[in-house]
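Residue-level structure breakdown
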Amino acid sequence: CSSAVFTLLLLAAGVFYWLWSQSSWSDAPPPQSASLICCGLVAVECFAAVLFVSDFLQEQVESIQMNSTLVETYQRTHGHRASFR
């Protein structure tokens, strides 16, 4: 998850640096279509990775709060129910 977020941050930093380095936006060459397509694909892939990993993170947090894993829930066995408060 952190690598996907880091990649998105690097993409955003590259865009901001490119915009900042141009003397004027009217003189700046437009980005090539291949670079736009690649950036779009990487952004979609990173977003999908964050969604995929966040589901597992949610499951782990729930397991800690309920003191039982998903497998134990299906098997109807679990650890001692206790509150962390």
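The structure reproduced in this document is the subject of the present report.

**Examining the packing of aromatic side chains**
- For the coordinates displayed, the defined rule picks out 2 aromatic pairs.
- Aromatic side chains Y17 and W20 sit 6.1 Å apart centroid to centroid with 40° between the ring planes, which places their arrangement in the tilted category. Of the two residues, Y17 and W20 are both situated in helix α1 (residues 2-21); the distance of 3 residues between them amounts to about one turn of the helix.
- Residue classification places Y17 among the exposed residues on the basis of a relative accessible area of 54%.
- Plain terms: the ring middles of F52 and F56 are 5.0 Å apart, the flat faces sit at 80° to each other, and that makes the pair edge-to-face. On the criterion of helical spacing, the pair formed by F52 and F56 is a turn pair, its members being 4 residues apart in helix α2 (residues 33-66).
- Classification of F52 by relative accessible area gives exposed; the value is 54%.

**Describing the packing of α1 against α2**
- Two elements in contact, α1 and α2, have axes separated by 9 Å at closest approach and are oriented at 150°. By the angle between their directions, the pair α1 and α2 is classed as roughly antiparallel. The hand of the α1/α2 crossing is left-handed. Residues A4, V5, T7, L8 and L11 of α1 lie in contact with α2, whose contacting residues are C39, V42, A43, C46, A49 and V50.
- Here the contact of α1 with α2 is composed, by residue class, of 10 nonpolar, 1 polar and no charged.

Cut-offs used in this document
Residues numbered from 1 in each chain as written. Predicted model: local features only at pLDDT ≥ 70, side-chain atom pairs only at ≥ 80, totals over all residues. Heavy atoms only, no water. Phe/Tyr/Trp six-rings, centres within 6.5 Å; stacked < 30°, edge-to-face > 60°. Helix = DSSP H or I, 4+ residues; strand = E, 2+ residues; numbered from the N terminus. Buried < 20%, exposed > 50% of the residue type's maximum accessible area, 1.4 Å probe, protein only. Axes fitted to C-alpha atoms, helices over the stretch in contact; angles between N-to-C directions. Parallel < 35°, antiparallel > 145°, perpendicular 65-115°, else oblique. Left-handed = near helix turned anticlockwise from the far one by under 90°. Contact = heavy atoms within 4.5 Å. Nonpolar A, V, L, I, M, F, W, Y, C, P; charged D, E, K, R; others polar.

Coordinates in, geometry out; function isn't part of it.
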